[in-house]
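# Fold and geometry: a report
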Amino acid sequence: MLELKHVGFETEDNKEILHDVSLTVQERFVAITGPNGGGKSTLAKVIAGIFQPTSGQILLDGVDITHLSITERANLGISYAFQQPVRFKGLKVKDLLSLAAGRNTSVNEACNFLSEVGLCARDYIDRELNASLSGGELKRIEIAMVLARGTKLSIFDEPEAGIDLWSFQNLIRVFEKMCEQTRGNILIISHQERILNIADTIIVVKDGDIVRNGPRAEILPALLGSADVAGPACDMLTDKMEGSVTP
Amino acid sequence: MIDAIEKKLLHEVAELDSLPVGAYNIRANGQLQSRNITANIDIVTKEDKPGIDIFIKPGTKNESVHIPVIISQTGLTDLVYNDFHIGEDADVTIIAGCGIHNCGGGNARHDGIHTFYVGKNARIRYVEKHYGEGDGRGKQIMNPTTVIHLEEGAQMEMETTQIAGIDDTIRKTSGDAAAGASLVIREKILTVGDQHAVTDFVVDLNGEGCSANVVSRSVAKGHSVQEFKSYINGNCACAGHSECDAIIMDDARVIATPGLIANNVDASLIHEAAIGKIAGEQLIKLMTLGLTEQEAEEQIVNGFLE
């Protein structure tokens, strides 16, 4: 379980990005949404240790990780899929998957991770993570790396962006499966209704503050403008999810 | 006989742990150590200057030639001229390399001048590796010069690697290509400490439809200095591409001077150059996978030079 207590973050030039954020992530899927520039990605980076909070406290399973490094947090079980995946000249997909898994991944293992995100291992394991890969391919590989890590907390910053031909259904199935395997929590930053629709909890961040935080059924209808719109969409997606989860 | 130090050098530069299969010429401390020729590949000692002529018969397929040079004596300066005469339609691999072990106070130096005459439609893969070690005060110095002449339809791929160990090096490569010929050069360099490396490429694209692709990846650490010069002269309808990527670390310096000279309206020439430190986001990404900053840096550098 992840807990943030009164977390604030200011940039070096004293611009306040996060004001006073308190939240807990204990459900399977927690979605963070809100307008662009509201502080969502900063919040994810503060949790992953990329930014040190300027005030407040962060706890992972009761352990204070506020001042731990990125590496230490990663080793305690936090994974973070970047909104804009990083390219590496020279490092190949199999290298990154091996680093993520913490061991040399076999072709079979790499195939498991990559096929989950709709990529054929045979075509990709020897590809460099360079400019020859499209944004969508990089995004899927980024998700596969989080799968390879299999940690108790996985953070995804707008995972749906650039996911082109690959359906949302598969993305949702990946999250489902990840939860089953890690028995952990997934924190997703998203603007997409279809992603919000699978969240147990939705947190709305705006201007560095949490403006709403509660169960999906309570938050989503208001976000979409009316309960009439949200209601059937939820049911429809729930049906689809049930249909797509492999036994 | 080859001693333990020389064995290690042979392993480093040519991955040889025993005598290779096929043709070879091993030169140790300025002298011929051993040689083997085959029905298709002849090796002849030059009479007018130090070095050898390597003759590969037309049509020779799937054979290899190893020509490592090793130096384990301090204070030795070795100069050698090796000429490769590759017959039409041959398809061979040539593995060169120079290893220096210098534990004395004097400099150890090897200057190799390699000239390739690649016949019509022949294909050649040329791999050279430079390696130096030694805890003495003397420097390891290497100045390899490679001259390449490609006849019509000839193809040459050159892989040249120098990972630390060499204190001072000027690496000159020049080439000319006739119609339909193709030259690919891949260079990898890592310099550390106070090392100094100069790379100088000049390629003349002379024949219709010929091409050259020069790709250099380098990492400069410590106080080392690297200079990269590349000139591609497009004298006809041809395609030239050069790419220089350098990672700069610590107090190192990297100077890249790319040059494209189009002497013909149909010459298509491209140059890409990028010098920069390791991107912060690359380090952060690997740290989020559980690596320390130092481990992340090693992975990025190793991958880059892979």
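About the criteria used
Residues numbered from 1 in each chain as written. Chains lettered and ligands numbered in written order. Predicted model: local features only at pLDDT ≥ 70, side-chain atom pairs only at ≥ 80, totals over all residues. Contact = placed C-beta atoms within 7 Å. Helix = DSSP H or I, 4+ residues; strand = E, 2+ residues; numbered from the N terminus. Nonpolar A, V, L, I, M, F, W, Y, C, P; charged D, E, K, R; others polar. Expected span 1.5 Å × (residues − 1). Buried ≥ 20, exposed ≤ 12 C-beta atoms within 10 Å, placed from the backbone. Arc of directions from axis to C-beta. Domains from an automatic or database assignment. Pairing = 2+ DSSP bridges. Axes fitted to C-alpha atoms, helices over the stretch in contact; angles between N-to-C directions.

### Points about the interface of chain A and chain B
Counting from both sides, the interface comprises 20 residues of chain A and, opposite them, 17 residues of chain B. When residues of the side of chain A that touches chain B are traced back to their parent elements, those giving at least two are helix H2 (70-76), strand S6 (78-81), helix H3 (93-101) and helix H6 (135-149) of chain A. No other element matches H2(A), which puts four residues into the side of chain A that touches chain B. Of the residues belonging to the side of chain A that touches chain B, the class tally is 12 nonpolar, five polar and three charged.

### Observations concerning helix H7 (residues 168-182) of chain A
Residue and element names in this part refer to chain A. For H7, which comprises 15 residues, the first-to-last C-alpha distance of 21 Å matches the rise-based estimate of 21 Å (1.5 Å per residue) to within 8%. Three or more residues of H7 are buried, namely Leu 171, Ile 172, Val 174, Phe 175 and Met 178. The arc enclosing the buried residues of H7, seen along the axis, measures out at 150°, which places them on a common side. Turned more than 90 degrees away from the buried face of H7 sit Glu 180 and Gln 181, all of them exposed. Remark: Arg 183 follows H7 within two positions and exhibits a positive phi of approximately 55°.

### Remarks on the domain arrangement of chain B
Residue and element names in this part refer to chain B. Domains assigned within chain B are domain 1 (1-138) and domain 2 (143-279). Here the C-alpha centre of domain 2 lies 22 Å away from the C-alpha centre of domain 1. Contacts between the two partners involve 23 residues from domain 1, matched on the other side by 22 residues from domain 2. Listing elements by their share of the side of domain 1 that touches domain 2, those giving two or more residues are strand S8 (108-118) and strand S9 (123-133). Counting residues per element, the side of domain 1 that touches domain 2 draws most heavily on S9, at 11 residues. Here the residues of the side of domain 1 that touches domain 2 sort into nine nonpolar, seven polar and seven charged.

### Some remarks on the sheet that holds strand S5 (residues 63-64) of chain A
Residue and element names in this part refer to chain A. Ordered in space as S2-S1-S4-S5, the four strands form an open sheet in which the pairing is antiparallel. The open sheet has two edge strands, strand S2 (16-25) and S5, and neither has a second partner. Across five bridges, strand S1 (residues 2-10) lies against strand S4 (residues 55-60) in antiparallel orientation. Counted as the bridge partner of Leu 4 is Ile 58 from S4. Each of S1, S2 and S4 touches helix H1 (residues 40-48); the most contacted strand, S2, lies at about 65° to it.

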